[in-house]
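# Tertiary structure, described
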Number of protein chains: 2
Amino acid sequence: MESREISQAVIRRLPRYYRYLGELLESGVERISSNDLSKRMKVTASQIRQDLNNFGGFGQQGYGYNVKYLYTEIGKILGLENDHNFIIIGAGNLGQALANYGSFEKRSFVLKGIFDVNPTLKGMTIRGVPVRMMDELKDYIRENDIEIAVLTIPKGVAVDVARELVEAGIQAIWNFAHVDLNVPDHVIVESVHLSESLMRLSYNINRYHEEHGLKG
Amino acid sequence: MESREISQAVIRRLPRYYRYLGELLESGVERISSNDLSKRMKVTASQIRQDLNNFGGFGQQGYGYNVKYLYTEIGKILGLENDHNFIIIGAGNLGQALANYGSFEKRSFVLKGIFDVNPTLKGMTIRGVPVRMMDELKDYIRENDIEIAVLTIPKGVAVDVARELVEAGIQAIWNFAHVDLNVPDHVIVESVHLSESLMRLSYNINRYHEEHGLKG
């Protein structure tokens with residue numbers, strides 16, 4: 001199956017389907033109709049039929065979707081069937097939270113190293129992985145087939161560290177630093193800008209207040 | 001100024017403008033042209049002019065935007081000028097990371113309480129805020145004018161906790177649990193689904209490999 005045949009709009013919706021199908025699998029559900037899935041996911045059944053027909057994972061009308069088949073096919077499209085070696089840069093609370101994040105393991109993301117600048121953290125282990133100092137970073141990436149770096153460091157240093165990562169040949173950066181990274185096109189960046197999410201929350205509270213006359 | 005006059009598309013882009021304008025302010029820049037801002041933000045100057053003209057924060061052609069004025073006006077639209085009392089539910093690594101998250105303070109989000117089910121955490125303080133047990137939750141929300149709850153708890157319990165929050169009159173939930181919360185329309189939910197972000201990263205790596213023939 002060629003992922004390129006599937007539209008970008010569908011691709012954006014795939015992680016949510018994958019999550020729901022995974023939950024169904026865990027609860028032992030083998031088949032589900034578009035109507036039942038529609039009720040759970042709160043999208044229309046016709047949207048679901050359109051989206052999932054890209055994968056052909058359905059029997060005759062009335063039989064519903066084969067949950068495991070769809071889950072597997074979507075997982076392939078999302079690249080979740082291959083192992084991805086990754087490191088975390090920044091061993092603070094967020095770095096530790098992500099090191100302990102169960103979804104990584106479940107989806108073949110393999111934590112290979114944790115890096116920090118704080119010498120008091122040197123040798124500390126998180127899930128059996130020792131914290132290393134930043135002067136080892138480049139060699140470590142080159143020698144251990146590291147594909148992804150997770151950046152949980154302050155924005156003031158993130159741009160420089162990203163440059164080092166690119167020089168060492170990293171393929172992708174999962175960026176939690178509150179800054180846009182300037183990297184070559186061949187390096188994939190996915191940013192989680194928490195403060196932008198917080199501002200959307202704040203905007204919606206404010207708008208609700210205004211619409212309901214709850215303040216001045 | 002009425003926020004309702006501004007299109008949703010512009011609203012979605014505001015947090016990023018706010019971030020760049022804040023950085024300019026911090027560096028002491030008082031005025032900036034749409035061309036200079038365009039180079040920094042990597043969006044077209046005409047897009048910037050269209051978006052920011054909603055705020056009227058500009059002088060004559062050639063004088064550029066008044067950075068502080070625009071920053072303040074956008075902050076008002078985003079509801080960042082009012083104090084927002086919040087609590088964190090889940091005192092694990094992610095909860096602690098968010099408790100220590102500087103952007104909260106800078107933007108008038110006031111941490112009022114941290115809750116957990118683990119009795120060994122009772123009385124522990126994070127930034128001077130003690131960890132309380134969940135049986136105090138509802139009364140605490142009612143008595144302390146809590147507007148926002150941040151959920152950093154496993155998905156298996158998040159739905160029940162969200163129900164308690166709604167019963168206690170919470171206005172908004174910043175949800176990090178990997179589940180869609182089912183709350184009444186008047187409760188605002190902003191979700192950060194980390195694993196969906198990770199899947200987008202993985203999808204893009206996979207697509208890059210396929211396009212460049214890096215694997216079978």
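Residues numbered from 1 in each chain as written. Chains lettered and ligands numbered in written order. Predicted model: local features only at pLDDT ≥ 70, side-chain atom pairs only at ≥ 80, totals over all residues. Heavy atoms only, no water.

Residue and element names in this part refer to chain A. Where helix H1 (residues 8-26) meets helix H3 (residues 45-52), the closest approach of the two axes is 11 Å, and the angle between their N-to-C directions is 105 degrees. Classified by the interaxial angle, the pair formed by H1 and H3 is roughly perpendicular. Mapping the contact onto sequence places Val10, Arg13 and Tyr17 in H1 and Gln47, Ile48, Asp51 and Leu52 in H3. Taken together, the residues of the contact of H1 with H3 sort by class into four nonpolar, one polar and two charged. (Axes fitted to C-alpha atoms, helices over the stretch in contact; angles between N-to-C directions. Helix = DSSP H or I, 4+ residues; strand = E, 2+ residues; numbered from the N terminus. Parallel < 35°, antiparallel > 145°, perpendicular 65-115°, else oblique. Contact = heavy atoms within 4.5 Å. Nonpolar A, V, L, I, M, F, W, Y, C, P; charged D, E, K, R; others polar.)

This part is about the sheet that holds strand E8 (residues 172-175) of chain B. Residues and elements named next belong to chain B. Ordered by their spatial adjacency, seven strands build an open sheet running E5-E6-E4-E3-E7-E8-E9, and the pairing between neighbours is mixed. Since the sheet does not close on itself, it has two edges, and those belong to strand E5 (125-126) and strand E9 (188-191), each with one partner. Alignment of strand E3 (residues 84-89) against strand E7 (residues 148-151), held across four bridges, turns out to be parallel. Across the sheet, residue Ile87 finds its bridge partner in E7, namely Ala149. The strands that helix H8 (residues 155-167) touches are E3, E7 and E8; relative to E7, the one it contacts most, it runs at about 170 degrees. (Pairing = 2+ DSSP bridges.)

It is worth spelling out helix H4 (residues 67-77) of chain B at this point. Taken together, the buried positions of H4 of chain B are occupied by Val67, Leu70, Tyr71, Glu73, Ile74, Gly75 and Ile77 of chain B. Contacts from the buried residues of H4 of chain B go to helix H9 (194-211) of chain A together with helix H1 (8-26), strand E1 (31-32), helix H3 (45-52) and strand E2 (65-66) of chain B. Phi for Gly79 of chain B, located one or two positions after H4 of chain B, is positive at around 75 degrees. (Buried < 20%, exposed > 50% of the residue type's maximum accessible area, 1.4 Å probe, protein only.)

Turning our eyes to something else, we now look at the interface of chain A and chain B. Every contact between the two is made by 66 residues of chain A and, on the other side, 66 residues of chain B. Between chain A and chain B, a total of about 5900 Å² is buried, with carbon and sulfur atoms accounting for 57% of that surface. The salt bridge involving Asp180 of chain A is made with Arg16 of chain B; its shortest N-O contact spans 2.8 Å. There are 34 residue pairs in polar contact (both at pLDDT 80 or more) connecting chain A and chain B. Among the elements of the structure, H1, helix H4 (67-77), helix H5 (93-99), helix H6 (102-106), strand E8 (172-175), strand E9 (188-191) and H9 of chain A are those that each provide at least two residues to the side of chain A that touches chain B. Here the side of chain A that touches chain B takes 18 residues from H9 of chain A, the largest share from any one element. In the side of chain A that touches chain B, the residues fall into 28 nonpolar, 20 polar and 18 charged. (Buried area = accessible area lost by both parts, 1.4 Å probe. Salt bridge = Lys/Arg side-chain N within 4 Å of Asp/Glu carboxyl O. Polar contact = N/O pair within 3.5 Å; in protein donor to acceptor, adjacent residues only side chain to side chain.)

Next up on the list: the relation of the copies chain A and chain B. For the pair chain A and chain B, the best superposition has an RMSD of 0.0 Å and corresponds to a rotation of 180 degrees with a translation of 0.0 Å parallel to the axis. These values place the two chain copies in the arrangement generated by a two-fold rotation axis. Taken as a fraction of all interface residues of chain A, those also at the interface in chain B reach 100%, which identifies the copy contact as same-surface. (Least-squares fit on C-alpha atoms with pLDDT ≥ 70 in both.)

Time to look at the environment of Thr125 of chain A. Of note, Thr125 of chain A is situated in strand E5 (residues 125-126). A sequence separation of twelve residues divides Thr125 of chain A from Gly113 of chain A, and the C-alpha atoms of the two residues are 9.7 Å apart.

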